[in-house]
Amino acid sequence: MNTLTIAWKSIRQRRLASLLTALSVALGVTLMISVLVINSVIDRMFNQTASGYDLIVGPKGSALQLVLNTVFRVGAPIENLPYRYYTELKKDPRIEEAIPFAIGDVTQKGGFPIVGTIPRYFALEYIPDRHFRINADGKFLPGTWDSVIGSVVAKQNNWKIGDEFQLIHGSAEGGHVHDEKFKIVGILAPTGTPNDRTVFVNLRGFYQVSGHEKPLEEAIRREAAFFGEKVDEEKLKALIKDNAAHDHHDHSGHDHAGHDHSVPDAQKEVTAILVQMKGDRLRGFTTIKFQSELKEGNQAQAVNPIQQINWLMTNIVGNIRTMLIVLTSLIIVVSGVSIFVSIYNSMSDRKREIAIMRALGAGRNTVFTIILSESVLLCLGGGILGIILGHGLVFIAAPIIEARSGLLINPFAFNSIELILLPVLMVLASLVGFIPAMTAYRTDVASTLSD
Amino acid sequence: MSLLLENVKKSYREPDGSILPILDIKRFELQEREQVALIGESGSGKSTLLNVISGITAADSGKVTIAGTEIASMAEVVRDRFRAERIGFVFQTFNLLPAFSALENVLLGMSFSRKKPSRDRAKELLALVGLEHRLHHHPKQMSVGEQQRVAVARALANQPKLLLADEPTANVDLANQETVLHLLRDACAQHQISMLLVTHSQEVARQFERVETLSDFNQVHAKV
């Protein structure tokens, strides 16, 4: 019978107290594991999502808002950029790829964000070295009224290839329902990014939705103001006259499949442009130069999404994470103290047992080790139980979180902090077990046995 | 010679600072395989004597030699191991560990020596004391007599050279007194173990060939 067996016997003798103290450690560890797993998912999502492009070009305003709206599809867009700005930007020889985004509407069912874009978007990496995958017979927005939906949208709305849906301007509740219908031609494989909760529609179709194009005169005046140009009133009148013929054609209530209504570029706007710069070694330098050039002008801003995300991670998400880890660490420390209280309180009852063992030849170090082992066993037992419960909790919560946020969570993803969790628990156990173990060490055998 | 005490003195300090002498023994010896009953009134220092012999309590001065080894000069850790391997202890209140079964209590007795605890030997010892059918019973599930028999088996666990028994029959009924006493005496005889049995009962002492009275060789006459 070794020290551990003797310690285990003692733990079993005080079953209820031991179970409760181990459970309190398990609870703390469960919370910590949950925080770590969720945190690593958020970390991954924030740090890996904005890849495949170097910059987001958008209207002047909050850089963070631009990133949150464009990448995470959270919050409202700042403003819009004229479509002409996009076409001119695309011609910049330093730019490899420019992908326009038009964000604003949501789906009638589920309120998922709609992104009007071009098929090239799906050629970008959504996280480093990972490309979008689509269902076998799916297509990446070939037609004007085509749509590609994220995996969570498909699952939650129970949408299949060939299904049609309408867009809502504003929020899902109480917004204006557009008459035009988009047809689902592709369902994206899960990406673990906000793309899973997004509905992509062909940008051409997006512009042709009634009400999406700006009134011609207003659009031309806004565009001229944006570029700092003077409006040619004669030309404007002629254009309005030409366009009047198109306006007599009623958009609402008819099927658009098979025919397009081209919208003049002046009436189109984009919310943001994803920009991938050319070059390899000098790409970083070109990006910074391009960014500062835009900064000097008054028209738009180019934002490095990684910088904004890092800012967000460091100043907000990082602080929340640190706070949660500190909080769960405190819970574990409090659990450790409860182990101390439990063992220390039992010491007066166990003084005699310790004296008996000493009389049978157990050395002071042996009884010290037995008590310390109890503390370590309770802490480790609680810790291992906590790790299992923590991952179990994440396993149960993963589908719910995935459905609500689109975050793909692997409940069994092992965080490196978990590796040091058990050694840390052992140190904690040694600290809280030290005083009771010293009480055992100092037991006066003769007087205890004579009591 | 199995046990030799020479000029052993032990005293305690009272709360008021005065010194209270307990033991002052010029010489006391126990031959190999000898069984001695030591009579002493309550508070005469019997338990202190056993504690000094077993090394639980260090003597203030003098020599305690067991099986040729002087234990007072040993480091505590060596003395503890010596006690585990060479001395068997039977207590008045049995002192079995309640969380442990009969078998585990005997195994516990083996756990603090350098030899690996043997379940077979523990079972043999429990069979020797007639408890082969109670191996997995816990002290609470056993009668007082059975508990004391487990204590006897535990005391024999490491094949000691010296067995110290402190009023081993004081807490058991008459029928079991006989049983426990015979067990102890037979086992010691069979395994060539010397035994020093402390008792206040003349009836128990009468069963031994050699009976000593503590006050005869303890120079301290003060009752403690």
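Quick caveat, the model's predicted, so the values are computed rather than measured.

Rules used throughout
- Residues numbered from 1 in each chain as written.
- Chains lettered and ligands numbered in written order.
- Predicted model: local features only at pLDDT ≥ 70, side-chain atom pairs only at ≥ 80, totals over all residues.
- Helix = DSSP H or I, 4+ residues; strand = E, 2+ residues; numbered from the N terminus.
- Buried ≥ 20, exposed ≤ 12 C-beta atoms within 10 Å, placed from the backbone.
- Contact = placed C-beta atoms within 7 Å.
- Pairing = 2+ DSSP bridges.
- Nonpolar A, V, L, I, M, F, W, Y, C, P; charged D, E, K, R; others polar.
- Axes fitted to C-alpha atoms, helices over the stretch in contact; angles between N-to-C directions.
- Core = buried A, V, L, I, M, F, W, Y, C linked by C-beta atoms within 7 Å.
- Parallel < 35°, antiparallel > 145°, perpendicular 65-115°, else oblique.
- Expected span 1.5 Å × (residues − 1).
- Left-handed = near helix turned anticlockwise from the far one by under 90°.

**Student:** So, the overall build of chain A: which residues are in play, and what are the values?
**Tutor:** Counting secondary structure elements, chain A contains 13 helices and 13 strands. If one aligns the C-alpha atoms of chain A with their principal axes, the spans along those axes are about 115 × 45 × 35 Å. A total of 451 residues make up chain A; the buried ones form 42% of that total. Excluding contacts between residues fewer than 6 apart, the proportion of contacts in chain A whose partners are at least 24 apart in sequence is 78%.

**Student:** Mind laying out the sheet that holds strand S5 (residues 69-70) of chain B, listing which residues take part and the relevant values?
**Tutor:** To summarise the sheet geometry, strands pair through backbone hydrogen bonds and adopt either a parallel or an antiparallel arrangement. All names here are of chain B. Taken in spatial order, the four strands line up as S2-S1-S4-S5 in an open sheet, and their pairing is antiparallel. Two strands close off the open sheet at either side, each with one partner strand: strand S2 (19-30) and S5. Across two bridges, strand S4 (residues 61-66) lies against S5 in antiparallel orientation. Its bridge partner being in S5, Thr 65 is matched across the sheet by Glu 70.

**Student:** Before we move on, could you go through the environment of Leu163(B) and cite the residues and values that matter?
**Tutor:** Residue and element names in this part refer to chain B. Inspection of the secondary structure assignment puts Leu 163 in strand S7 (residues 162-166). Residue classification places Leu 163 among the buried residues on the basis of 24 C-beta atoms within 10 Å. In sequence terms Leu 163 and Ser 11 are 152 residues apart; their C-alpha atoms lie 24 Å from each other. Residues within four places of Leu 163 in sequence aside, it is in contact with Gly 88, Val 90, Ala 155, Cys 188, Ile 193 and Met 195.

**Student:** Please provide a residue-by-residue account of the interface of chain B and chain A, values included.
**Tutor:** Listed per partner, the contact involves 22 residues of chain B and 16 residues of chain A. Residues that form the side of chain B that touches chain A fall into these classes: 11 nonpolar, seven polar and four charged.

**Student:** Explain the sheet that holds strand S8 (residues 194-199) of chain B residue by residue, including any values.
**Tutor:** Residue and element names in this part refer to chain B. Strand order in the open sheet made by the five strands is S6-S7-S8-S3-S9, with parallel pairing throughout. Edge strands, defined here as strands with exactly one partner in the open sheet, are strand S6 (87-90) and strand S9 (210-213). Each neighbouring strand pair of the sheet contributes to a mean axis angle of 20°, computed without reference to strand direction. As judged from the five bridges shared by strand S3 (residues 35-39) and S8, these two strands associate in the parallel manner. Its bridge partner being in S8, Ala 37 is matched across the sheet by Leu 197. Where helix H1 (residues 46-54) meets the sheet, its contacts fall on S3, S6, S7 and S8, and the angle it forms with S7 comes to roughly 155°.

**Student:** So what about the pairing of strand S1 (residues 55-59) of chain A? Which residues, and what values?
**Tutor:** Residue and element names in this part refer to chain A. Where burial is concerned, most of S1 is hidden: five out of the five residues are buried. Pairing of S1 with strand S12 (residues 272-277), which is carried by three bridges, proceeds in the antiparallel orientation. Of the residues in S12, the one forming a bridge with Leu 55 is Val 275.

**Student:** Describe the nonpolar core, and please don't skip the residues or the numbers.
**Tutor:** The tendency in soluble globular proteins is for nonpolar side chains to be buried side by side. Judged by nonpolar contacts, the single largest core of 175 residues is most densely connected at Ile273(A), Val106(B), Val152(B) and Leu184(B). The biggest single contributor to this core is helix H2 (residues 15-49) of chain A, with 14 residues. Dropping the residues within four chain positions of it, Val152(B) is found in contact with Val90(B), Val129(B), Val180(B), Leu183(B), Leu184(B) and Ala187(B).

**Student:** Which residues make up the packing of helix H5 (residues 144-156) of chain B against helix H6 (residues 174-190) of chain B, and what are the values?
**Tutor:** All names here are of chain B. Where H5 contacts H6, the axes come no closer than 10 Å and their chain directions differ by 10°. Looking at the two axes, H5 sits roughly parallel to H6. Between H5, through Val 144, Gly 145, Gln 148, Arg 149, Val 152 and Leu 156, and H6, the contact on the second element is made entirely by Asn 176, Thr 179, Val 180, Leu 183, Leu 184 and Ala 187. Split into classes, the residues belonging to the contact of H5 with H6 amount to seven nonpolar, four polar and one charged.

**Student:** Residues and numbers for helix H7 (residues 216-227) of chain A, please.
**Tutor:** Taking 1.5 Å per residue as the helical rise, H7(A) with its 12 residues ought to reach 16 Å, and the 17 Å between its terminal C-alpha atoms agrees with that figure. Positive phi shows up at Gly228(A), right after H7(A), with a value of about 70°.

**Student:** Please set out the packing of helix H3 (residues 102-111) of chain B against H5(B) residue by residue, giving values where relevant.
**Tutor:** All names here are of chain B. Where H3 contacts H5, the axes come no closer than 8 Å and their chain directions differ by 30°. Judged by the angle between their axes, H3 and H5 are roughly parallel. The element H3 and its partner H5 pack so that their crossing is right-handed. In this structure, H3 uses Ala 102, Asn 105, Val 106 and Gly 109 to contact H5, whose residues at the interface are Val 150, Ala 153 and Arg 154. Taken together, the residues of the contact of H3 with H5 break down into four nonpolar, two polar and one charged.

**Student:** An account of the environment of Leu162(B) is requested, with residue identities and associated values reported.
**Tutor:** Residues and elements named next belong to chain B. With respect to the secondary-structure elements, Leu 162 resides in strand S7. Counting along the chain gives 32 residues from Leu 162 to Ser 194, while the straight-line C-alpha distance between them is 4.8 Å. When near neighbours in sequence (up to four residues on either side) are disregarded, Leu 162 contacts Ser 2, Leu 3, Ile 66, Arg 86, Ile 87, Ile 193 and Ser 194.

**Student:** Kindly report on the pairing of strand S3 (residues 95-107) of chain A, identifying the contributing residues and their values.
**Tutor:** Residue and element names in this part refer to chain A. Sheet topology note: the S3/S12 ladder contains six bridges and is antiparallel. Within the sheet, the bridge partner assigned to Pro 100 lies in S12 and is Ile 273. Across three bridges, the pairing between S3 and strand S4 (residues 113-117) is antiparallel. By the bridge assignment, Val 106 is partnered in S4 with Pro 113. Connecting the antiparallel pair S3 and S4 is a turn made up of five residues, with Gly 110 showing a positive phi of about 85°. With three bridges connecting them, S3 and strand S8 (residues 164-169) associate as antiparallel partners. By the bridge assignment, Thr 107 is partnered in S8 with Leu 167.

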